[in-house]
Amino acid sequence: MKSTYEWISKYILLFMCIFCLVGCSSKKEIKEKLDIYEDNDKLITIDDVDIKVDEVMPYLLQVKMEFEELGGEDVWDHNDFSGGKKAEDVAKLAVLDNLVRTKILVKKSDEMGITITESEDKDVKAQALKYYNDLEKADIENYHLTKESIFNSFKEYRLVNKVINEMTKGYVPKEEELTNKLLENENYAKLKSSNLEDMLLSLKVIHIFIKTHEKNNKDEYVLISPDIEEKAKKKIEDIYKKAVAGEEFTSLVKKYSQDESTKENNGEYILPVRLLDDNFQSLIELESGEISDIKKSDYGYHIFKVLEKIPPTDEEVQEFEEEFKKYESQLKEEYKEQLKNSAFNKIYDEWKNNTIVDLNEELWAKIDIFGNINENPISDKNIE
């Protein structure tokens, strides 16, 4: 599993739990539901704003759902999920970060005079109702959710986006920043610097393959047997000696190769250079008639004989150039957004540094990702 907080937090939908107020619970009904929540104490104070336990529940549920979607329901069994932290600790940190960020930006929206329009309010309510109706009844009960509290969460999310858009509406990244960002992408940098004629070259080859791995029912390559690597390596070395000694290559293919997909064609096929893994790149340097050294892949050993180098047609070059322009344009838009977000985060960091955040760490330690408040938490869940 790719176990970093940065990796998983980007997928977290901060406050998608929003509910419609059209035909929904009365204030009395909402109050009765909250009364069931006996531990609705003050959890955190951000400047002069108190946040109670019920406000954090939509965040806990959504982050829990996102973690389980990405890592499965057993994701919570990971005790070294990121930097020695448990998965639940990482999830709770994401919840806390999102909650603080939202409250700070909502406060800024008030200072900036940013509000929700009537049409936006209707849109929020519609999304809220759909989300709420899609929730499992058990989740609504376990997290003590109400339409009112979740609607407010999504309304705040909308305000957060409006603040970000307002603060970045005139932002244009410097061309140098964008270029550097593009070149950080290894795939893009490789394509950009490659000679098209060489990159679009194809090799007509004959292939001998001895397998060490095969796919299981999960489509994963697994070792065939404990001693297969040693036997396969010795076998391919014997075949290689025969090939370089001048024994007819096609005969060796028919006699030894385990590549069933090409064996009927005497082991021949077309190999596009741009699809070669790094450990196969040296094939490009072979001339027609030359035999490669032994190559190892995740599923076995290979020997190639190059029959012909096939240059790209004018149409193939033109098609690639058009596709590359589309790819480059898409990357630029993605990186513009990333740079814009980075620029805003610098502004947000300044706002946060000037904000007093007071967390009730004792209470926070008792709350788990499943919405429970444990009087005797099993482990220390304080946020550092």
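Residues numbered from 1 in each chain as written. Predicted model: local features only at pLDDT ≥ 70, side-chain atom pairs only at ≥ 80, totals over all residues. Heavy atoms only, no water.

The name given to the chain in an unreviewed UniProt entry is Peptidylprolyl isomerase, with the source organism recorded as Vallitalea maricola.

(A) Seen up close, the sheet that holds strand β8 (residues 300–310). Taken in spatial order, the 4 strands of this open sheet run β6-β3-β8-β7, and their pairing is antiparallel. In the strand order of this sheet, the two ends are held by β6 (268–272) and β7 (295–297), each with one partner. Across this sheet, the average inter-strand angle for adjacent strands is 50°, counted without regard to direction. As paired strands, strand β3 (residues 202–211) and β6 are joined by 5 bridges and run antiparallel to one another. Within β6, the residue paired with Ser202 across the bridge is Pro272. Along the sheet, helix α11 (residues 228–244) makes contact with β3, β7 and β8, crossing β3 at roughly 130°. This element, helix α12 (residues 249–256), spans β3 and β8 of the sheet and lies at about 40° to β3. (Pairing = 2+ DSSP bridges. Helix = DSSP H or I, 4+ residues; strand = E, 2+ residues; numbered from the N terminus. Axes fitted to C-alpha atoms, helices over the stretch in contact; angles between N-to-C directions. Contact = heavy atoms within 4.5 Å.)

(B) Broad picture of unusual backbone geometry. The phi dihedral of His144 is positive, around 50°, even though this residue is not glycine. If you trace the backbone, His144 turns up in the loop between α6 (137–142) and α7 (147–168). Residue class for His144 comes out partly exposed when judged on its relative accessible area of 23%. At Asn266, a position not held by glycine, the phi torsion is positive, near 60°. Mapped onto the fold, Asn266 is located in the loop between α13 (260–263) and β6. (Buried < 20%, exposed > 50% of the residue type's maximum accessible area, 1.4 Å probe, protein only.)

(C) View of the nonpolar core. By size, the foremost hydrophobic cluster in this structure holds 47 residues, and its most contacted members are Leu43, Ile44 and Ile367. Contributions of two or more residues to this core are made by β1 (42–46), α3 (53–71), α4 (87–111), α5 (118–134), α7, α14 (314–353) and α15 (361–366). With 10 residues, the top contributor of residues to this core is α4. Discounting chain neighbours no more than four positions away, the residues touching Leu43 are Ile51, Lys52, Val53, Val56, Asp358, Leu359, Asn360, Leu363, Trp364 and Ile367. With 13 residues, the next largest nonpolar core counts Ile208, Ile239, Phe249 and Leu252 among its residues. (Core = buried A, V, L, I, M, F, W, Y, C linked by side-chain atoms within 4.5 Å.)

(D) Here's a closer look at the pairing of β8. Taken together, the 10 bridges between β3 and β8 define a ladder with antiparallel strand orientation. Within β8, the residue paired with His207 across the bridge is Phe304. Pairing of β7 with β8 involves 3 bridges; the strand directions are antiparallel. Opposite Lys295, over in β8, you have His302 as the bridge partner. Connecting β7 to the next strand, β8, in antiparallel fashion are 2 residues.

(E) Here's a closer look at a negative patch on the surface. On the surface, a cluster of negative charge is made up of Glu197, Asp198, Asp314, Glu315, Glu316, Glu319, Glu321 and Glu322. Those elements that place two or more of their residues in the negative patch are α10 (196–199) and α14. The leading source of residues in the negative patch is α14, at 6 residues. Secondary-structure assignment places Glu319 in helix α14. (Patch = residues over 30% accessible without salt bridge, like charges linked within 9 Å, V, L, I, M, F, W, Y side chains within 5 Å. Areas by Shrake-Rupley, 256 points an atom, 1.4 Å probe, with all protein chains shown as cover. Salt bridge = Lys/Arg side-chain N within 4 Å of Asp/Glu carboxyl O. Lys, Arg positive; Asp, Glu negative; His and termini not counted. Charge placed at Lys NZ, Arg CZ, Asp CG, Glu CD.)

(F) Just the sheet that holds β1, in detail. A sheet is described by the order of its strands in space; here 3 strands give the open sequence β2-β1-β9, paired in antiparallel fashion. The open sheet has two free edges, formed respectively by β2 (49–52) and β9 (357–359), since each of these has just one partner strand. On average, each strand axis in the sheet is inclined to that of its neighbour by 20°, with strand direction left out of account. Pairing of β1 with β2, which is carried by 4 bridges, proceeds in the antiparallel orientation. Bridge assignment links Ile44 to a residue of β2, and that residue is Ile51. Docked against the sheet, α3 engages β1 and β2, running at close to 65° with respect to β2. Strands in contact with α4 are β1, β2 and β9; relative to β1, the strand with the most contacts, it is inclined by about 45°.

(G) View of the pattern of salt bridges. Enumeration according to the criterion identifies 20 salt bridges in this entry. Note that Lys108 is salt-bridged to Glu111, the shortest N-O span being 3.3 Å. Here Lys108 pairs with Glu111, and both are found in helix α4, just 3 residues apart, close to one helical turn. Note that Lys130 and Asp134 form a salt bridge whose closest N and O atoms lie 3.1 Å from each other. Here Lys130 and its partner Asp134 are both found in helix α5, 4 residues apart, which amounts to about one turn of the helix. The two residues Lys130 and Asp134 agree in class, both being exposed. Taken together, the salt bridges that share partners define one network made up of Glu55, Lys103 and Glu156.

(H) Fine view of the packing of α3 against α4. In the contact formed by α3 and α4, the axes pass within 9 Å of each other and the chain directions differ by 135°. As judged from the angle between their axes, α3 and α4 are oblique. Note that α3 runs across α4; the crossing there is right-handed. Contacts from Glu55, Val56, Tyr59, Leu60, Val63 and Phe67 of α3 reach α4 at Ala87, Val90, Ala91, Val95, Asn98, Leu99, Thr102 and Lys103. Partitioned by chemical class, the residues of the contact of α3 with α4 number 10 nonpolar, 2 polar and 2 charged. (Parallel < 35°, antiparallel > 145°, perpendicular 65-115°, else oblique. Left-handed = near helix turned anticlockwise from the far one by under 90°. Nonpolar A, V, L, I, M, F, W, Y, C, P; charged D, E, K, R; others polar.)

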